[in-house]
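Summary of the model geometry
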Number of protein chains: 2
Amino acid sequence: MVKARTAAASRVRAIDTRPKRPRRGAKIGAPAPAVVLVHPQLGENIGFAARAMANFGLSDLRLVAPRDGWPNDKAEAAAAGGAFVLENATVYDSVEAAIDELNYVLAATARPRGMVKRVLSPESAAKQLRRRRVKGEGCGVLFGPERSGLDNDTISLADAILTAPVSPDFASLSLPQAVLVFAYEWLKGEAKASPLGRATQFDGPAREGLATPDTRPATREELFGLFQHLETELDHAGFLRPPEKRPSMVRAIRNMFHRMGATEQDIRTWRGIVAALSRPRTKRGKKLS
Amino acid sequence: MVKARTAAASRVRAIDTRPKRPRRGAKIGAPAPAVVLVHPQLGENIGFAARAMANFGLSDLRLVAPRDGWPNDKAEAAAAGGAFVLENATVYDSVEAAIDELNYVLAATARPRGMVKRVLSPESAAKQLRRRRVKGEGCGVLFGPERSGLDNDTISLADAILTAPVSPDFASLSLPQAVLVFAYEWLKGEAKASPLGRATQFDGPAREGLATPDTRPATREELFGLFQHLETELDHAGFLRPPEKRPSMVRAIRNMFHRMGATEQDIRTWRGIVAALSRPRTKRGKKLS
């Protein structure tokens, strides 16, 4: 469902270059930043950008005069599960129309020459945008056409510049890559900002640590039981020799189990392993009894 | 210049599935992490991944049995200015061969079910890898095929899991997106760690982590050797039964060793333990031979 179409599009149904009024009102749920693609060339790239937005919780996609018209089949194919972002995209004739209700706008570009402008990393940009969003401000980021990037006139419409750290070996990010880096930092910041709140829906840094499905960390008692079992069998097998070295060997083995962060299930597995390996067998590997 | 090729490739020039020996020796310039694409399907995605690596300062690309053979014209087109990464890519028949000289390996995947493994965000992963790199350890990240992602057997070869925060609206990252997010965090961390240039050997974070005096982290080759030894003995002892449960039992055991962060010395200890426990003995604990 395209809400507004550009005159440059092949099939113009309605010329309404004004976006919907912002869902403002200084609540935390003010809209997430808009991603504004200025004169994008390839449908695939629009689709990849939409996918990246969907992956990282952005949904307000605005297209300024896409070269190949709109809608675009290649965009839909590339968007995969992010097609809902494309369906809700709005299309404009000019950058000015696309951003006119926004309060704060960034221009994604390498550091420009001959312009005095604040430069933000994706991480700082995400912080800045989140701060403004909480105050109910409408925010957006401009991304330029694939071949040339944003021109200086467009950059001059922005409050600040968004630049990602890149390698000097190949400094040029593609359009969908640039959108992805921004969107990723946006979501990361969201997840960090409220580890116990809405962001718990994100599988974010707050969820780091050891994944222990269906089990729990072992108790010390369980660990000590395993140590005793293993060390007894190793004594039997003559492994913990000579006697003067036994204490340091035992410590080394115990430390390995501690580092492992053993679960209750792990302890049972190891008890089984020790029992199985040390069961009396003939040379051929068969049980004696 | 492809240094090794998979038998699955259309034009096999040399079967050398062994990577170059690590440029180890704890100097500052230890290699940046390897990106290992396991059974990648589409050439475009290999190219996009290579581009993202080049953009963010990674260059060690390893391909495990790419579906459409190697080299791949579509990969080259998609890589753009990152073609130098493709040219230096190495190709392997198996994941094991691709990572065997590495000391620390992450698996990029959503949180797995039924496996106990440490989970790191891209940011934490980058920190962890930088710390290890300063110590001269070889590191890498495994990325799975587009359709299915990494399977559990492959994940069980890794020390920990790398998971990016994503939106529940569309949680699935494409292969090049996942590589990009990791590579971006890698470069970002590099830039932060050393505003004046290369990371110094003496940054604080570099000193954290596992203290391993007089030894070094085990290589994958050493770990795989231990796995084979232990699993052979467990098969002999009838422990890995019934057959349908064997794969999950083996994965659980391997995961425990990975979590342990085994050193070269640890591996020797375990080889000794397994040998001692499984040596044929009488019921009284004396050696038969």
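Position labels on residues start from 1 in each chain and follow its written sequence. The order in which chains are written sets their letters, starting at A; the order in which ligands are written sets their numbers, starting at 1. Local features are withheld for residues below a pLDDT of 70 in this predicted model, meaning they are given only at 70 or higher, and side-chain atom pairs are given and counted only at 80 or more; totals for whole chains, interfaces and linings count all residues. Side-chain metrics in this entry use all non-hydrogen atoms of the structure; hydrogen atoms and water are not considered.

1. Comments concerning the overall build of chain A
Each helix is a run of H or I in the DSSP string that is no shorter than four residues. Each strand is a run of E no shorter than two, and both are numbered from the N terminus. Per the secondary structure count, chain A includes ten helices and eight strands. The cut-offs for exposure are 20% and 50% of the maximum accessible area for each residue type, with area from a 1.4 Å probe on protein chains only; residues under the lower value are buried, those over the upper are exposed, and the others partly exposed. In chain A, which comprises 289 residues, the proportion classed as buried is 52%. The protein chains shown are the only cover counted for residues, whose accessible areas, like all others here, come from Shrake-Rupley with a 1.4 Å probe. Element-wise, carbon and sulfur atoms account for 50% of the exposed surface of chain A, whose accessible area totals about 13,600 Å².

2. Examining the interface of chain A and chain B
Contact criterion: two residues are considered in contact whenever any of their non-hydrogen atoms come within 4.5 Å of each other. If you look at the interface, chain A gives 76 residues, while chain B gives 77 residues. Roughly 6,300 Å² is buried in total at the junction of chain A and chain B, and carbon and sulfur atoms are behind 64% of that figure. Any Lys or Arg side-chain nitrogen located within 4 Å of an Asp or Glu carboxyl oxygen qualifies as a salt bridge. Where chain A touches chain B, the interface holds five salt bridges. A salt bridge links A:Lys188 to B:Glu185; the nearest nitrogen and oxygen atoms lie 2.5 Å apart. Here a polar contact is recorded for every N or O atom pair within 3.5 Å, except that within protein the pair must consist of a potential hydrogen donor and a potential acceptor, and residues adjacent in sequence are included only if both atoms are side-chain atoms. Across the contact surface, chain A and chain B share 21 residue pairs in polar contact (both at pLDDT 80 or more). Those elements giving two or more residues to the side of chain A that touches chain B turn out to be helix 1 (43-55), helix 5 (122-134), helix 7 (175-193), strand 8 (209-211), helix 8 (220-236), helix 9 (246-260) and helix 10 (264-278) of chain A. Once two parts are put together, the accessible area they lose, assessed with a 1.4 Å probe and summed over both, is termed the buried area.

3. Some points on helix 5 (residues 122-134) of chain B
Here helix 5 of chain B spans 18 Å end to end across 13 residues, near enough to the 18 Å set by a 1.5 Å rise per residue. The set of residues buried in helix 5 of chain B consists of B:Pro122, B:Glu123, B:Ala125, B:Ala126, B:Gln128, B:Leu129, B:Arg130, B:Arg131, B:Arg132, B:Arg133 and B:Val134. Take the number of residues in a helix, subtract one, and multiply by 1.5 Å to get its expected span.

4. Here's the deal with helix 10 of chain A
Its 15 residues place the ends of helix 10 of chain A 21 Å apart at the C-alpha level, agreeing with the 21 Å of an ideal helix rising 1.5 Å per residue. Within helix 10 of chain A, eleven of the 15 residues are buried, leaving the element largely enclosed by the surrounding structure. By the burial criterion, the buried members of helix 10 of chain A are A:Glu264, A:Asp266, A:Ile267, A:Thr269, A:Trp270, A:Gly272, A:Ile273, A:Val274, A:Ala276, A:Leu277 and A:Ser278. Taken together, the buried residues of helix 10 of chain A touch helix 8 and helix 9 of chain A together with helix 9 (220-236), helix 10 (246-260) and helix 11 (264-278) of chain B.

5. Section: the pattern of salt bridges
Under the definition given, this model contains 27 salt bridges over all chains. When salt bridges that share partners are traced, they join A:Glu123, A:Glu185, A:Lys188, B:Glu123, B:Glu185 and B:Lys188 into one network.

6. Looking at the nonpolar core
Here is a general trend for soluble globular proteins: nonpolar side chains tend to be buried in one another's company. Within this scheme, the nonpolar core is defined by two criteria: the residues are buried Ala, Val, Leu, Ile, Met, Phe, Trp, Tyr or Cys, and they are joined through side-chain atoms within 4.5 Å. Of all hydrophobic cores here, the largest spans 85 residues; its most connected members are A:Leu37, A:Leu61, A:Phe143, B:Leu37 and B:Leu61. Examining the composition of this core, we find that ten residues originate from one element, helix 7 of chain A, more than from any other. Formed by 64 residues, the second largest nonpolar core is a distinct cluster that contains A:Ile273, B:Val95, B:Leu102 and B:Phe239.

7. So, unusual backbone geometry
The omega angle of the peptide bond from A:Trp70 to A:Pro71 is 5°, so this bond is cis rather than trans. Within the secondary structure, A:Pro71 sits in the loop between strand 2 (61-64) and helix 2 (73-79). Backbone torsion omega between B:Arg241 and B:Pro242 reads -5°, so that peptide bond is classified as cis. Structurally, the position occupied by B:Pro242 is in the loop between helix 9 and helix 10. In this structure, A:His39 takes a positive phi of about 50° despite not being glycine. Take A:His39: it is sitting in the loop between strand 1 (34-38) and helix 1. Although it is not a glycine, B:Ala65 sits at a positive phi angle of roughly 45°. Summarising the element assignment, B:Ala65 is placed in the loop between strand 2 (60-64) and helix 2 (73-79).

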